[in-house]
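Here is how the chains run, residue by residue.
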Amino acid sequence: MILNHLLGFYTHPKEEWQSVDREHQSYFYALSHIVVIALIPAVMAYFASAHLGWDIGAGHTAETIKLTQQSAMAMSVAMYFGLILGVCALAYLIQELAHAFEVTRTYTQCLEIAAYTATPLFMTGLSAFYPELWFIMMVGLVGLSYSVYLLYSGVPIMLHIPEDKGFIFSSSVVTCGLVLLVILMALSVILWSVGIGPQYM
């Protein structure tokens, strides 16, 4: 069942990683997980941008900013596919790093690591029900921290390497993830500069 590991990663993450490692799930299963989870931030981004609005400013000077529904939908769809592509790219980098560490793992196994690690970060999209930037940033920081924890705890189990070697490997993955994030941000800026940007109400 898709998402059947979700609760386990929040209650007993190391045991859940061991369960994932034993099951040897298919590529479709791993991809299905991230396809479903990526809907959360994408759908919430649309809802918050088109219907709730974002409060910019403070106190009586605060101004609620909304996007047109068409613009919000287009940006949410782009965000959705960008998130899936980002996780798949991270899985590829994990596989290449594994070769550098003389560890052989299939792309599916690397996709499992990337997908389950990204899950807490993607679930922070639910915070858009309260579209205040400070609140979303706080929740996002918590989600990011837990995603990094899942990565550091899961890599030694999934790759069958010692924890000290797993720490170095995980740190390399975090670095690659940051590089991917910068690339996605740069692409967003490029798209905005050529006129493919938000349309405000």
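The following refers to the structure shown. Bear in mind that the values here come from a model prediction, so they are computed numbers and not experimental data.

So, on to the layout of surface pockets. What the second largest pocket holds in volume is close to 160 Å³. Every residue lining the second largest pocket is listed: Lys 14, Tyr 149, Tyr 152, Ser 153, Pro 156, Ile 157, Glu 163, Gly 166 and Phe 167. The leading source of residues in the lining of the second largest pocket is helix α7 (residues 133-159), at 5 residues. Looking at side-chain class alone, the lining of the second largest pocket contains 5 nonpolar, 2 polar and 2 charged residues.

With that settled, the discussion passes to the nonpolar core. Counting residues in hydrophobic clusters, the biggest one holds 40 residues, and the most contacted among them are Ile 94, Phe 122 and Phe 169. Per-element tally for this core: the top contributor is helix α5 (residues 69-100), with 10 residues. Setting aside its immediate chain neighbours within four residues, Phe 122 contacts Ile 34, Ile 37, Ala 38, Ile 40, Pro 41, Leu 83 and Val 87.

What follows is about α7. Over its 27 residues, α7 extends 37 Å from the first C-alpha to the last, a length consistent with the 39 Å expected when each residue adds 1.5 Å. Of all the bends in α7, the greatest, near 30°, is centred on Ser 153, and the proline Pro 156 appears no more than four residues after it. Regarding α7, the residues found buried are Gly 140, Gly 143, Ser 147, Leu 150, Leu 151, Ser 153, Gly 154, Val 155, Pro 156, Ile 157, Met 158 and Leu 159. In the segment just after α7, His 160 is the residue with positive phi, at about 60°.

By the element assignment, Ala 30 lies in helix α3 (residues 27-37). According to the relative accessible area criterion, Ala 30 is buried, its value standing at 2%. Taking C-alpha positions, Ala 30 is 7.1 Å from Thr 108, a pair spaced 78 residues apart along the chain. Apart from residues no more than four positions distant in its own chain, Ala 30 is found in contact with Thr 108, Leu 111, Glu 112 and Ala 115.

Quick look at the packing of α5 against helix α6 (residues 107-123) now. Two numbers describe how α5 lies on α6: the axes approach to 8 Å, and their chain directions differ by 135°. Classified by the angle their axes make, α5 and α6 are oblique. Considering how the two elements wind past one another, α5 and α6 form a crossing that is right-handed. Two secondary-structure elements touch here, α5 through Leu 83, Val 87, Cys 88, Leu 90, Ala 91, Tyr 92, Ile 94 and Gln 95 and α6 through Tyr 107, Cys 110, Leu 111, Ile 113, Ala 114, Ala 115, Ala 118 and Phe 122.

Before going further, it helps to examine the environment of Ala 115. Here Ala 115 is to be found in helix α6. Counting along the chain gives 75 residues from Ala 115 to Ile 40, while the straight-line C-alpha distance between them is 14 Å. When residues no more than four places from it in sequence are discounted, the contact partners of Ala 115 are Ala 30, His 33, Ile 34 and Val 87.

A grouping of Val 179, Ile 183, Leu 184, Leu 187 and Ile 190 is seen on the molecular surface, where their side chains present a nonpolar patch of about 430 Å² in accessible area. For Leu 184, the location among the structural elements is in helix α8 (residues 163-193).

This part takes up the side chain of Ser 127. Mapped onto the elements, Ser 127 comes out in the loop between α6 and α7. For Ser 127, a relative accessible area of 8% puts it in the buried group. For Ser 127, the side chain forms a polar contact with the main-chain oxygen of Thr 124, separated by 2.6 Å. With residues near it in sequence (within four places) discarded, Ser 127 still touches Phe 135, Ile 136 and Val 139.

A few words now on the packing of aromatic side chains. Inspection of every chain in the model, using the stated rule, returns 13 aromatic pairs. Plain terms: the ring middles of Tyr 10 and Tyr 146 are 5.5 Å apart, the flat faces sit at 5° to each other, and that makes the pair stacked. Of the two residues, Tyr 10 is situated in helix α1 (residues 6-11) and Tyr 146 in helix α7; the sequence distance between them amounts to 136 residues. Accessibility expressed as a relative area gives 38% for Tyr 10, which makes it partly exposed. Between Phe 47 and Phe 129, the aromatic rings sit 6.1 Å apart at their centres with planes inclined by 65°, giving edge-to-face as the arrangement. With a gap of 82 residues between them, Phe 47 in helix α4 (residues 39-52) and Phe 129 in the loop between α6 and α7 connect regions that are remote in the sequence. In textbook terms, an aromatic cluster arises when at least three aromatic residues are bridged by ring pairs, as seen for Phe 9, Trp 17 and Tyr 116.

The rules behind each value
- Residues numbered from 1 in each chain as written.
- Predicted model: local features only at pLDDT ≥ 70, side-chain atom pairs only at ≥ 80, totals over all residues.
- Heavy atoms only, no water.
- 1 Å grid on protein atoms, 1.4 Å probe; cavity = no way out; pocket = protein on both sides within 12 Å on 5 of 7 lines; lining within 4 Å.
- Points joined across faces, edges and corners; volume = space filled by probe spheres on them.
- Helix = DSSP H or I, 4+ residues; strand = E, 2+ residues; numbered from the N terminus.
- Nonpolar A, V, L, I, M, F, W, Y, C, P; charged D, E, K, R; others polar.
- Core = buried A, V, L, I, M, F, W, Y, C linked by side-chain atoms within 4.5 Å.
- Buried < 20%, exposed > 50% of the residue type's maximum accessible area, 1.4 Å probe, protein only.
- Contact = heavy atoms within 4.5 Å.
- Expected span 1.5 Å × (residues − 1).
- Bend = angle between axes of the 7 residues up to and from the residue.
- Axes fitted to C-alpha atoms, helices over the stretch in contact; angles between N-to-C directions.
- Parallel < 35°, antiparallel > 145°, perpendicular 65-115°, else oblique.
- Left-handed = near helix turned anticlockwise from the far one by under 90°.
- Patch = residues over 30% accessible without salt bridge, like charges linked within 9 Å, V, L, I, M, F, W, Y side chains within 5 Å.
- Areas by Shrake-Rupley, 256 points an atom, 1.4 Å probe, with all protein chains shown as cover.
- Salt bridge = Lys/Arg side-chain N within 4 Å of Asp/Glu carboxyl O.
- Polar contact = N/O pair within 3.5 Å; in protein donor to acceptor, adjacent residues only side chain to side chain.
- Phe/Tyr/Trp six-rings, centres within 6.5 Å; stacked < 30°, edge-to-face > 60°.

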